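Architecture and fold: a report
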Amino acid sequence: MPVTSEAELREILELDRVAVVGCSTTPGKDAHEIPNYLVEQGYDVVPVNPFADEIFGRECYDSLADVPGAVDIVDVFRPSEETPAVVESVVDRHEAHGDAGAVWLQLGIANDEATALADAAGLDFVQDR
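A short tour of the structure in this document, coming up.

Analysis parameters
Residues numbered from 1 in each chain as written. Predicted model: local features only at pLDDT ≥ 70, side-chain atom pairs only at ≥ 80, totals over all residues. Heavy atoms only, no water. Salt bridge = Lys/Arg side-chain N within 4 Å of Asp/Glu carboxyl O. Helix = DSSP H or I, 4+ residues; strand = E, 2+ residues; numbered from the N terminus. 1 Å grid on protein atoms, 1.4 Å probe; cavity = no way out; pocket = protein on both sides within 12 Å on 5 of 7 lines; lining within 4 Å. Points joined across faces, edges and corners; volume = space filled by probe spheres on them. Nonpolar A, V, L, I, M, F, W, Y, C, P; charged D, E, K, R; others polar. Core = buried A, V, L, I, M, F, W, Y, C linked by side-chain atoms within 4.5 Å. Buried < 20%, exposed > 50% of the residue type's maximum accessible area, 1.4 Å probe, protein only. Contact = heavy atoms within 4.5 Å.

1. Considerations on the pattern of salt bridges
Taken as a whole and judged by the stated rule, the model has five salt bridges. A salt bridge links Arg17 to Asp44; the nearest nitrogen and oxygen atoms lie 3.1 Å apart. Remark: Asp44 occurs in strand E2 (residues 44-48) and Arg17 occurs in strand E1 (residues 17-21); sequence separation between them is 27 residues. The closest approach of N and O atoms between Asp44 and Arg58, which form a salt bridge, is 3.4 Å. Placement of the pair is Asp44 in strand E2 and Arg58 in strand E4 (residues 58-59), with a sequence separation of 14 residues.

Below is the structure:
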């Protein structure tokens, strides 16, 4: 379900474990700085990047499906055109494990198909924010 109100956003931000799809090893990139800020704020950040072994001293996973344990939020730093496939992986995880109930596409990332997929699965969905 598209999340639009500040109250709904705050509810998502109260969750703890964040899988970051597209997390970057490169300081200065938003895909590195924002997850690093989340780590500094006490979130349990799980980097998902098939080209890295470790980011922020944390083990990286090749895909969302490879992440062990429960995930609360999936934070996405991938191009807009890749987001439907990412949301499909979130839906698969949600259906299989009952977790990953929220998807957050970062500022500048939006896709109507991804929105429809998340909405059909009953996931909280934030985009371009």
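So much for the structure itself; the text now carries on.
2. What about the layout of surface pockets?
Estimated volume of the largest pocket: approximately 160 Å³. Around the largest pocket, the lining residues are Ile12, Leu13, Val18, Ile34, Leu38, Tyr43, Ile73, Asp75, Trp104 and Gln106. Split into classes, the residues belonging to the lining of the largest pocket amount to eight nonpolar, one polar and one charged.

3. As for the nonpolar core
Ranked by size, the top nonpolar core spans 22 residues in total, and within it Val67, Val74, Val87, Val90, Val103 and Phe125 carry the most contacts. Elements with a minimum of two residues in this core: E1, E2, strand E5 (73-76), helix H3 (83-97), strand E6 (102-105) and helix H4 (112-121). Of all the elements, H3 adds the most residues to this core, at four residues. In this view, Val103 contacts Val74, Val76, Val87, Val90, Leu123, Asp124, Phe125 and Val126; residues no more than four positions away in its chain are not counted.

4. Considering unusual backbone geometry
The backbone of Ala100 sits at a positive phi, close to 55 degrees, despite the residue not being glycine. By the secondary structure assignment, Ala100 is in the loop between H3 and E6. Accessibility expressed as a relative area gives 1% for Ala100, which makes it buried. Residue Asp128 is not a glycine yet carries a positive backbone phi of 55 degrees. Mapped onto the fold, Asp128 is located in the segment after strand E7 (124-126). Using a relative accessible area of 40% as the deciding quantity, one classes Asp128 as partly exposed.

These figures come from the coordinates and say nothing about function on their own.
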